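Breakdown of the fold
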Amino acid sequence: MVAEHGISVRQACRAARLARSAYYAPAAVKNDGPEIAAIQAYIAQNEQHGFDKLYPVVRRQGFGKCRLYRVYKALRLNIKRRGKKRLPARIRTPLSVPNWPNEVWSVDFMSDALWSGRRFRTFNVIDDFNREALRIEVDSNLPARRIVRALEQLIELRGKPLKLRMDNGPELISDTLASWAKSHGIELLFIQPGRPMQNGYIERFNRTYRQEVLNAYVFETLGEVRRMTAEWIVRYNEQRPHESLGDLSPRHYLMAKSL
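About the cut-offs
- Residue numbers run consecutively from 1 along every chain, following the written order of its sequence.
- Local features are withheld for residues below a pLDDT of 70 in this predicted model, meaning they are given only at 70 or higher, and side-chain atom pairs are given and counted only at 80 or more; totals for whole chains, interfaces and linings count all residues.
- Based on all heavy atoms of the structure, the side-chain values leave hydrogens and waters out of the count.
- Helix numbering and strand numbering both begin at the N terminus, where a helix is a DSSP run of H or I of at least 4 residues and a strand a DSSP run of E of at least 2.
- Two things to know: the radius of gyration comes from C-alpha atoms, and the globule rule equals 2.2 Å times the number of residues to the power 0.38.
- When accessible area is computed with a 1.4 Å probe and restricted to protein chains, residues below 20% of their type maximum are described as buried, those above 50% as exposed, and intermediate ones as partly exposed.
- What makes two residues a contact is simply this: any of their non-hydrogen atoms within 4.5 Å.
- Here the Shrake-Rupley method, with its probe set to 1.4 Å, supplies the accessible areas, and only the displayed protein chains count as covering residues.
- Note on charges: Lys and Arg go in the positive column, Asp and Glu in the negative column, and His and the chain ends are not counted at all.
- To locate a charge, take atom NZ for lysine, CZ for arginine, CG for aspartate or CD for glutamate.
- In this analysis the probe radius is 1.4 Å and the grid spacing 1 Å, with only protein atoms considered; a cavity is a set of points the probe fits into but cannot get out of, a pocket is an open set with protein on both sides within 12 Å along at least five of seven lines, and lining residues have an atom within 4 Å of a point.
- Grid points are joined across faces, edges and corners, and a volume is the space filled by probe spheres set on the points.
- Each residue gets one label: Ala, Val, Leu, Ile, Met, Phe, Trp, Tyr, Cys and Pro are nonpolar, Asp, Glu, Lys and Arg are charged, and the others, such as Gly, are polar.
- For two strands to be treated as a pair, DSSP must find no fewer than two bridges joining them.
- Only the stretch in contact is used when fitting a helix axis, every axis being a line fitted to C-alpha atoms; angles between N-to-C directions are given from 0 to 180 degrees.
- Put simply, a salt bridge is a Lys or Arg side-chain nitrogen that is within 4 Å of an Asp or Glu carboxyl oxygen.
- Each nonpolar core is a collection of buried residues, namely Ala, Val, Leu, Ile, Met, Phe, Trp, Tyr and Cys, held together in the definition by side-chain atoms within 4.5 Å.
- The arc refers to the directions leading from the helix axis to the C-beta atoms.
- A clockwise course of the path from the first strand over the helix to the second, judged with the strands pointing away from the viewer, identifies a crossover as right-handed.

Let's shift gears to the overall build of the protein. A count of helices and strands for the protein gives 11 helices and five strands. Relative to the 2.2 N^0.38 estimate, which gives 18 Å for 259 residues, the radius of gyration of the protein is 30 Å and therefore markedly larger than a compact globule would have. Viewed in the frame of its principal axes, the protein has a C-alpha envelope of about 105 × 40 × 35 Å. Of all 259 residues assigned to the protein, the portion counted as buried reaches 40%. Pairs at least 24 apart in sequence give 56% of the contacts found in the protein among residues at least 6 apart. In the structure as shown, the protein presents an accessible area of about 16500 Å², 51% of it carried by carbon and sulfur atoms. Each charge sign in the protein was given a centre, from 44 positive and 27 negative side chains, and these centres are 12 Å apart.

Printed below as a string of structure tokens:
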């Protein structure tokens, strides 16, 4: 009808009572060899590219998108996306003030950049009892093993906590940290995803650290970050008053409670 009578595809398909997709469907006997060769040649040099990267290049050889994608799927070249790790159900726990030191520590990560643009991260640890800054680990990369090492060093100086409160970051839900905590008899308290105020003590600490250190200075090296951070921790723990502690510093509050 289309070729002989010159009517549109829509009219012809309506007259024949067929879906328009039937008109455009590839013939079963048509050879897909050229498409297969073009796709395999591209994938051989770009193994991690998906169809969205392949098509703009291969289309220059005159191949249609629908036909090319059909062959692409038939070759089972679709790249599987890495699914998110399923988290177990997190139970909300009240954010209460502990009755003694080393009962609950809160931990969290922060990130910033040097003047050169190089990114770095910090791993912050505080004691919920008196909001004391126990440690701030600074480096460009802080994997789970580095976190465990930092906590081990802190325990040697401070003693171990009964509980660790944290969010669901990849380093914190790792098997490495879970095995270490189990071997030390430390309970891991995970907050619910998307509920940062369930870890409110360290969220408030992070805000102070960013305002008084990270946003207050321009750093050129990680050594400068570590030095300025160490000096600030001393001022924070021994001099800076906290309204929630009766305008006492964390160390003075700890001394007052121990009397």
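We now examine the layout of surface pockets. Estimated volume of the largest pocket: approximately 260 Å³. What lines the largest pocket is I126, R131, Y201, R204, F205, T208, Y236, R240, P241, H242, E243 and S244. Per element, the largest residue contribution to the lining of the largest pocket is four residues, and it comes from helix α9 (residues 200–214). When the residues that make up the lining of the largest pocket are grouped by side-chain class, the tally is five nonpolar, three polar and four charged.

On to the sheet that holds strand β4 (residues 163–166), then. One open sheet holds the five strands; their spatial order is β3-β2-β1-β4-β5, and the pairing between them is mixed. Of all strands in the sheet, those bounded by a partner on one side alone are β3 (132–139) and β5 (187–190). If you compare each strand with its neighbour and ignore which way they point, the axes differ by 25° on average. Each of β2 (119–127) and β3 is contacted by helix α10 (residues 222–238), which is oriented at about 175° to β3, the strand it contacts most.

Our next topic: the pattern of salt bridges. By the definition in use, this model includes 16 salt bridges. The partner of D32 in a salt bridge is R67, with the nearest N and O atoms 2.2 Å apart. With a gap of 35 residues between them, D32 in the loop between α3 (20–24) and α4 (33–45) and R67 in helix α6 (residues 65–74) connect regions that are remote in the sequence. Each member of the pair, D32 together with R67, is buried. Look at the salt bridges and you will find they share partners, linking D127, E132, R158, E238 and R251 into a network.

Formed by 22 residues in total, the largest nonpolar core has its most connected members in F123, V125, L151, L164, M166 and W180. Within the residue set of this core, elements represented by two or more residues are β1 (104–113), β2, α7 (144–158), β4, α8 (175–184) and β5. The biggest single contributor to this core is α7, with five residues. Setting aside residues up to four positions removed in sequence, W180 forms contacts with V148, L151, E152, I155, L164 and I186.

Time to look at unusual backbone geometry. Even without being a glycine, R131 presents a positive backbone phi close to 60°. Counting through the fold element by element, R131 comes out in the loop between β2 and β3. Although it is not a glycine, D247 adopts a positive phi angle of roughly 60°. Summarising the element assignment, D247 is placed in the loop between α10 and α11 (250–258).

Another point: α8. Along α8, the residues classified as buried are L177, W180 and A181. In an axial view of α8, the angular spread of the buried residues amounts to 95°, which keeps them on one side of the axis. In this structure, α8 carries D175, K182 and S183 as exposed residues pointing more than 90 degrees from its buried face. Where α8 is buried, its residues contact α7, β4 and β5. With its phi angle positive at about 70°, G185 sits one or two positions after the end of α8.

What follows concerns the pairing of β4. Residues in a regular strand point their side chains to alternate faces of the sheet. Here β1 pairs with β4 via three bridges, running parallel. The partner of S106 across the bridge, within β4, is R165. Bridge count for β4 against β5 is four bridges, and the pairing is parallel. Bridged to L164 within β5 is L188. At this point the chain moves from β4, through α8, to the parallel β5, and the crossover so formed is right-handed.

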